[in-house]
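Summary of structural features
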Amino acid sequence: MILGEAICLGPILPIDVEALFRWSDDVATARLNAPYRPPSWQREEAFWLDAADDRTRVFFAIRTLTAPEIVGFVQIRDVDPIHRSCTIGIRIGDVRNRGRGFGREALALAVGYCWDQLNLSRIALQVFANNAAAIRLYRACGFEPEGVLRKAQFVAGEWIDVQLMALMRPSRVGA
């Protein structure tokens, strides 16, 4: 478990699947990063709980230090040990837990994990260009824009641009 000041990152547990399923079935939240598709319990369960044998992905549950319930998750995917890179994603599930600094702290802990445990040099992400809150979070954590995939996603009847962002390991920039 990785401890922060208000939250910790730890394993996804079977008891967390119910919340993860509920969040993936939220149409309003889906609009922030993907077209909505009704989830399948079996696919959700397999996706979250069968990651341990896949060395290209690491999933963390985000929990507050004061309660055992999952409040969000971090996905580290496409871990490439040759190029020392990955893709990251984060979600705070319930609206009541957003805007409380959990995402910022979780992202900072996850970035530290990528540098210190996975020995990565580059962390990339994709975010819908209309998701201003997420873009502010990523910029505050040092991610820089790298480009835009114009009209790359069709969500809720409109075309959405996708912002590409990345963070380079400070000690390896220019190396």
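Residues numbered from 1 in each chain as written. Predicted model: local features only at pLDDT ≥ 70, side-chain atom pairs only at ≥ 80, totals over all residues. Heavy atoms only, no water.

1. Let's talk about the pairing of strand β5 (residues 85-92)
Going by this rule: Type-normalised accessible area, obtained with a 1.4 Å probe on protein chains alone, sets the label of each residue: buried when under 20%, exposed when over 50%, and partly exposed for intermediate values. Note on conventions: DSSP H or I runs of at least 4 residues are helices, E runs of at least 2 residues are strands, and numbering of each starts at the N terminus. In this analysis, strands are considered paired if DSSP registers two or more bridges between them. Classification remark: right-handed applies to a crossover when, strands pointing away from the viewer, the course from the first strand over the helix to the second runs clockwise.
The element β5 is largely enclosed, with a buried count of eight among its eight residues. Burial along β5 is two-sided: the face carrying S85, T87, G89 and R91 and the face carrying C86, I88, I90 and I92 are both buried. The pairing of strand β4 (residues 70-80) with β5 spans seven bridges and is antiparallel. Note that in β5 the partner of I76 across the bridge is I88. Hairpin remark: β4 followed by β5, antiparallel, with four residues in the connecting loop; positive phi at R84, about 55 degrees. Chirality of the crossover, the property in question, places the unit of β5, helix α4 (residues 102-116) and strand β6 (residues 122-128) among those that are right-handed.

2. Describing α4
Threshold: Expected span of a helix, by definition, is 1.5 Å for each gap between consecutive residues, and there is one gap fewer than residues.
Helix length check: α4 (15 residues) gives 21 Å between terminal C-alpha atoms against 21 Å at 1.5 Å per residue, within 8%. All of the buried residues along α4 are F102, G103, E105, A106, L107, L109, A110, V111, Y113, C114 and W115.

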